[in-house]
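An overview of the molecular structure
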Amino acid sequence: MGTYRLRQSPFGAPPARRLLCALAVIGVSALAACGSGSGATSGGSKSIQIWEGWTGAEAKAFAHLVAEYQATHPGVKVSSLFVNNDYTLQKVQTAVAGGNPPDIAYLYGSWAPNVAKLSGVVTLTNVVKRPSVNWNDFWVGERDVATVNGRVIGVPALVDNLAVVYNKALFAKAHLPLPGPNWTWPQFVADARKLTNPAIKQFGTAYVTPGSEDTVWHWEALLWAAGGQILNSSNTKAAFDSRAGLASLNTLRTMAVTDHSMYLDPTDSAYANLFNSGKIGMLVTGPWDLSGFPNVHYGVQIMPSFPGTNGGHQTISGPDNWVVFNNGASRVKTAEDFILWLTAPAQVKYFSLKTGDLPIRQSVGTTGFNAQMDAALPDVSTFTTNLGNVRQARPQIATYPQISQAIGTMVVSVLLGKSQPGPALAAAAAKVNQILAGSG
Amino acid sequence: MTASVALRRSGRQGLSNPRGRRGRVESLTGWAFVTPATVIIGLFGAAPIIWSLVLSFTNDNGLTSGSAFIGVRNYKALAHDPVVSQAIEHTVVYTALFVPGTMLVGLFLAVAMNRKIRFMWFYRTAAYATMAISTISEALVFIWLFDPSFGIVNYIFSLLHIPQQAFLNSPGEALYVIVVMTIWGWSGFAVVIYLAALQGIPQDLVEAAAIDGAGRWETFRRITLPLLSPASLFLAVWLTINALQLFDEVYLSTRGGPLGATTVLVYYLFEQAFQTNFNFGYASAIAYLLFIVILVVTAIQFRVGRRFTYYRS
């Protein structure tokens, strides 16, 4: 701790430590150089490098698939390098600037518009049109995020979505019927109220309030369900300052401010532990959290709808992409072949069964497959079928991170009771319009 | 450490500086020793610093190849960016509380530990342990301590009939929680520095004061504190530089929120470069603004500090 932390910038670091850092960097880059060097020479152009951030079961399953590919494709060498997913874009940017990008990188879908600007990103539009790929087998939410202005820049790597995970025991204790597939947001609010008990510090639901994209996409699902849109169809103006925007924000505000039935989590980390400790009745979250709830009997239900709107039980999905970088025609070909194999139905099925991750292809999610998935992770198949409720993607524009920030501030200020939904919507819309105008 | 080396240099200038052949060999040997380090520091320390200065005059976004030179436009934008002035305000408030806070806590603990009692090794280890704990663990612990609903701090408040606080959920309180968190984290460092300085205080001076009839407080104020002044100056400079570069605790606990209440300069820089805009040019300009602020503040500290600092020859 203390002096030896991230906070140190080169300006503040004493020379001795800077030297140590430098030596460490040299050591690492020497290793990296060895790695890429041997990769490039052994077997010539048939060697590719892939940057991925899998850990645990995912890492094991991925390593197995890579080994299988190498065994069935003699002469091809796929070397994978672990990179924390949160930092892959930074690292890829640096590698692109240095003229030595990986052949394939796992990149968050929310980065897609910015990734499309990177030099060296291979356009896959014609590749995915091949009949053998069966591109339409990928969920529409995935395809949307892999496509920027009509140009396909990636192949789906992982998909998730938001649904409601609820604690069955707490519902029973409150004598409440379990949520059904036709439920509505007013029902959710009423349930949350009845599940709240300040005396034993029990909350009906929770919401993440760091103001980041995690705050924002939860609200966007509500906005869509209420029949609203984030931007207009040409992505030139904010469209969320609407009746739907108001309905969705008011719903959240009722729970956070009026009923105090919502635990607000600014750290984006506490809510899962609390749910697992039986302190929270319902959570809007994704399949990744399920394995963190071994101590409670939970159920999963699709998102509620807003009565009187045409939004239905829409949800939002956050797919990530495999992106191919240009290191010469033959390496691009090797990389494309590998990524298409990796995302073919057989491999998708294997990966999902081993990891509990949702299958990225529609055809894989058969009844038998869903039962197998549920055996390992109860009710995860609800998330799989819920992918059918993903009807749209977030705006695929480079300024989205800035727009997200403006919306995040709006949501947090309403939930903390610092502003009313109406003025907050208007202020955020004005800010977003300014951002959109600035970007031309 | 840099500071104390620099301050002592004047005392070493009297050492013989051998000339002639032997001198040349020695100086060559010296160069042989420092050249690898110089090259490495130049490559990985100085070059990025210079490069970021160049970047600060461009609109580089790290994505597209090629960026345009836009002169001082980034620096002009800084002056009109409301978030920058807010970030400066947060940084200054944080520094103004963190630096004296850490020094006082460190001094108090060091004085308390500068005696011969049983299990002293344990207390000293415990105090220094805050340095050995990683920031992420520290942040996680404090997140739970200060959790509005489940935290022990609000529990204690309820026992004392103090109203419940929102802490990290409150734009008015979050920064102060981070101040407390970091004072805890850094106090071990201040303890070590002060403890070392306390043990360097000659006992004959303390005894002489006692013979002259000085009480404990008088001795502490007239003898101990002045003799600790070099350590205090070092701590003030070192802690200030680190405070102005606050980042990890913010990143790990509040992400600059709620509603930007804990967005300090380095966090804003990070956001500009890697989170929202990929605006490397603008982020570099913020980095240089911070660099200049640190340079000026440190210079003032040394200048003012010299007046209050007492060095024994």
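Residues numbered from 1 in each chain as written. Chains lettered and ligands numbered in written order. Predicted model: local features only at pLDDT ≥ 70, side-chain atom pairs only at ≥ 80, totals over all residues. Heavy atoms only, no water.

**Observations concerning the domain arrangement of chain B**
Under the domain assignment, chain B is made up of domain 1 (2–47) and domain 2 (75–308). A separation of 33 Å is found between the C-alpha centroids of domain 1 of chain B and domain 2 of chain B. (Domains from an automatic or database assignment.)

**Looking at the packing of aromatic side chains**
Residue and element names in this part refer to chain B. Tallied over the entire structure, the rule returns 45 aromatic pairs over all chains. Measuring from centroid to centroid gives 6.0 Å for F122 and Y123, while their planes differ by 70 degrees, and the two rings are edge-to-face. Residue classification places Y123 among the partly exposed positions, given a relative accessible area of 38%. One aromatic cluster is present, built from ring pairs that chain together Y94, F98, W186, F189, F234 and W238. Its guanidinium or amino end placed over the ring of Y251, R255 lies 4.3 Å from that ring's centre, counting from NZ or CZ. (Phe/Tyr/Trp six-rings, centres within 6.5 Å; stacked < 30°, edge-to-face > 60°. Buried < 20%, exposed > 50% of the residue type's maximum accessible area, 1.4 Å probe, protein only. Lys NZ or Arg CZ within 6 Å of the ring centre and 35° of its normal.)

**Examining the side chain of T215 of chain A**
All names here are of chain A. Along the chain, T215 falls in helix α9 (residues 213–225). A distance of 3.0 Å separates the side chain of T215 from the backbone oxygen of V208, its partner in a polar contact. One polar contact links the side chain of T215 to the main-chain amide nitrogen of G211, over a distance of 2.9 Å. Among residues more than four places away in sequence, those in contact with T215 are Y207, V208, T209, P210, G408, V411 and V412. (Helix = DSSP H or I, 4+ residues; strand = E, 2+ residues; numbered from the N terminus. Polar contact = N/O pair within 3.5 Å; in protein donor to acceptor, adjacent residues only side chain to side chain. Contact = heavy atoms within 4.5 Å.)

**Observations concerning the packing of helix α6 (residues 135–145) of chain B against helix α8 (residues 174–199) of chain B**
Residues and elements named next belong to chain B. Two elements in contact, α6 and α8, have axes separated by 10 Å at closest approach and are oriented at 135 degrees. Comparing the axis directions of α6 and α8 gives the class oblique. Note that α6 runs across α8; the crossing there is right-handed. Between α6 and α8, the contacting residues are E138, A139 and F142 on the first element and V180, M181, T182, W184 and G185 on the second. When its residues are assigned to classes, the contact of α6 with α8 shows five nonpolar, two polar and one charged. (Axes fitted to C-alpha atoms, helices over the stretch in contact; angles between N-to-C directions. Parallel < 35°, antiparallel > 145°, perpendicular 65-115°, else oblique. Left-handed = near helix turned anticlockwise from the far one by under 90°. Nonpolar A, V, L, I, M, F, W, Y, C, P; charged D, E, K, R; others polar.)

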